[in-house]
Structures are given as structure tokens and as C-alpha cells.
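Given next are the chains, with one letter for each unit.
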Amino acid sequence: MTRRKKKILSIQILLFIVGATFFYLTYNYKKNPKIVSPKKIIKSVNEENAKKNSDEIKNWFTDVEYRGLDLNGNRYKIEAKESEFNIDKPEVIYMKKVKATFFFKDDTILYLDADNGIYNNKLNDMNFSSNVYVNYIDNKLTADNLDFLNSKNTLTVYNNVNGKNNRGKIRADKLIFDLSKQTLDISMFADEQINVNLNNL
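What comes next is a walk through the structure. (Residues numbered from 1 in each chain as written. Predicted model: local features only at pLDDT ≥ 70, side-chain atom pairs only at ≥ 80, totals over all residues. Heavy atoms only, no water.)

**A word on the environment of Y158**
When you line up the elements, Y158 lands in strand β7 (residues 154-165). Other than its neighbours up to four places away in sequence, Y158 contacts A143, D144, N145, L146, D147, D173 and K174. (Helix = DSSP H or I, 4+ residues; strand = E, 2+ residues; numbered from the N terminus. Contact = heavy atoms within 4.5 Å.)

So, in C-alpha cells, the structure goes:
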């Protein structure tokens, strides 16, 4: 066999191998769903990058403290072991292991503990949840949730509300304190509602 024929034969064998490989890959891609197309790989990488970017835009802090004034000029302080906010909405702060202290103008102080809290530093609204504990003068309350809505001048305690002081105990669905009117609405389990003046508590 001449050198020229050997060269042609080598090229033919190489072309055959390349063609067979392409045929195999094309056929197997259609039959085997486990083979991922380049478009799907790119999409998957882009989704993963988007998730990473979403995580990166959150700011996370430990041992933080926030201070402010409510609508009535009462001071408050919020401390949290952990807090984070998204830079797309920096006014909403999510907190864990929260302690809040409210200093009222009549020199009384309300102490609050909760596992979780959300603080809107524009509206000065606060939502506390999970193992909420309140201590105010000789009144002690536990509940699942407490909302202090500075924008509405109300403080609402709800879900599994239990309270006690030196005059007795209370169990209710919801307690709504109107801070401007100094009144308290108590929603009982039997859909009864009691209106109380805070000066009598």
C-alpha cells in the first residue's frame, strides 16, 4: 500500500470515528433525559448566581440597638442579638432574640422580650412574635404576638394572651391598648368584649 493510500485511509478512519461519535451523542441525547443541554446548564448557572446575589444584598448584624420616639414623645429602645435587612427595603429590619424597653412620660417603664421582631424605622411600627413576655409595673403578660403600631398609636397583644398582677389573672384572645385615649379593649374567647379605662388597671 502506497503512502498516499495509507494517508487517505487514515483520514477516512478519522472521519468515520468523528461521525460515529456525533451520531452516538445526538441519538443518546434524545433518548437519555439525564444529558443536559448547554442552554439548561447556562440557565441553571444563572439561577444559582441570582440566588447568591439575592443572599448578598442582605445586611446582617449582631448585638444591635435602635432608639426612637413614638407619636406621644415616649422614648423606646430595641436591642437584638441578630438583625438583618434587605437593601431594597432597608427600613424593614428583621430581628432575633429581642428586648424592647418603652420609657413613658409618667416615669413608668414597659419591658418586652420576644424571640422575633420586625421594626419599621420609618413608621416606627414594631411586630414581636414567639414567646412574647411583657412586664409593666406589677402587670405581667405572655402571648404569641404583640404589635406596637406607632402610626395608629395602638399596642395590640394577641394569640394565647395570659396576664396577671396583684389583683388577679386574665386570659383573653386579644388586648388592644389605645395609647392616645388611654383605653383598653379586651376580646374574650366567647366573643365578649370588655372596655376598660387604663387608669383603673
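Having seen the structure, we can now continue with the description.
**Describing the layout of surface pockets**
Taken as a whole, the second largest pocket spans an internal volume of roughly 150 Å³. As for the second largest pocket, its lining consists of D63, V64, E79, A80, K81, K97, V98, K99 and A114. Those elements that provide at least two residues to the lining of the second largest pocket are β1 (58-69), β2 (75-86) and β3 (92-103). Taken together, the residues of the lining of the second largest pocket break down into four nonpolar, no polar and five charged. (1 Å grid on protein atoms, 1.4 Å probe; cavity = no way out; pocket = protein on both sides within 12 Å on 5 of 7 lines; lining within 4 Å. Points joined across faces, edges and corners; volume = space filled by probe spheres on them. Nonpolar A, V, L, I, M, F, W, Y, C, P; charged D, E, K, R; others polar.)

**Overview of the pairing of strand β9 (residues 183-187)**
Side chains L184 and I186 project from β9 onto a buried face, and the interleaved T183, D185 and S187 project onto a face without burial. Here five bridges tie strand β8 (residues 168-178) to β9, and the two strands are oriented antiparallel to one another. Within β9, the position partnered with K174 by the bridge is S187. Counting the residues that bridge the hairpin from β8 to β9 gives four residues, and of these Q182 lies at a positive phi of roughly 60°. (Buried < 20%, exposed > 50% of the residue type's maximum accessible area, 1.4 Å probe, protein only. Pairing = 2+ DSSP bridges.)

**Notes on the pairing of β2**
Relative to β2, β1 is paired through 11 bridges, and the arrangement is antiparallel. Residue pairing in the sheet places V64 in a bridge with A80 of β2. Note: β2 against β3, nine bridges, orientation antiparallel. Bridge pairing in β3 places Y76 opposite F102.

**Looking at the packing of aromatic side chains**
Taken as a whole, this structure holds six aromatic pairs when the rule is applied. Centroid distance F61 to F85: 6.0 Å. Interplanar angle 25°. Geometry classified as stacked. Separated by 24 residues along the polypeptide, F61 in strand β1 and F85 in strand β2 bring together distant segments of the chain. Classification of F85 as buried rests on a relative accessible area of 17%. Between F102 and F148 the ring centres are 5.4 Å apart and the planes differ by 65°, which places this aromatic pair in the edge-to-face class. One end of the pair, F102, is in strand β3; the other, F148, is in strand β6 (residues 139-149), and 46 residues separate them in sequence. The exposure class of F148 is buried, given its relative accessible area of 2%. Chaining the aromatic ring pairs together yields one cluster made of Y66, Y76, F102, Y119 and F148. For R75, the ring lying beneath its charged end belongs to F103, and the centroid distance is 4.4 Å. (Phe/Tyr/Trp six-rings, centres within 6.5 Å; stacked < 30°, edge-to-face > 60°. Lys NZ or Arg CZ within 6 Å of the ring centre and 35° of its normal.)

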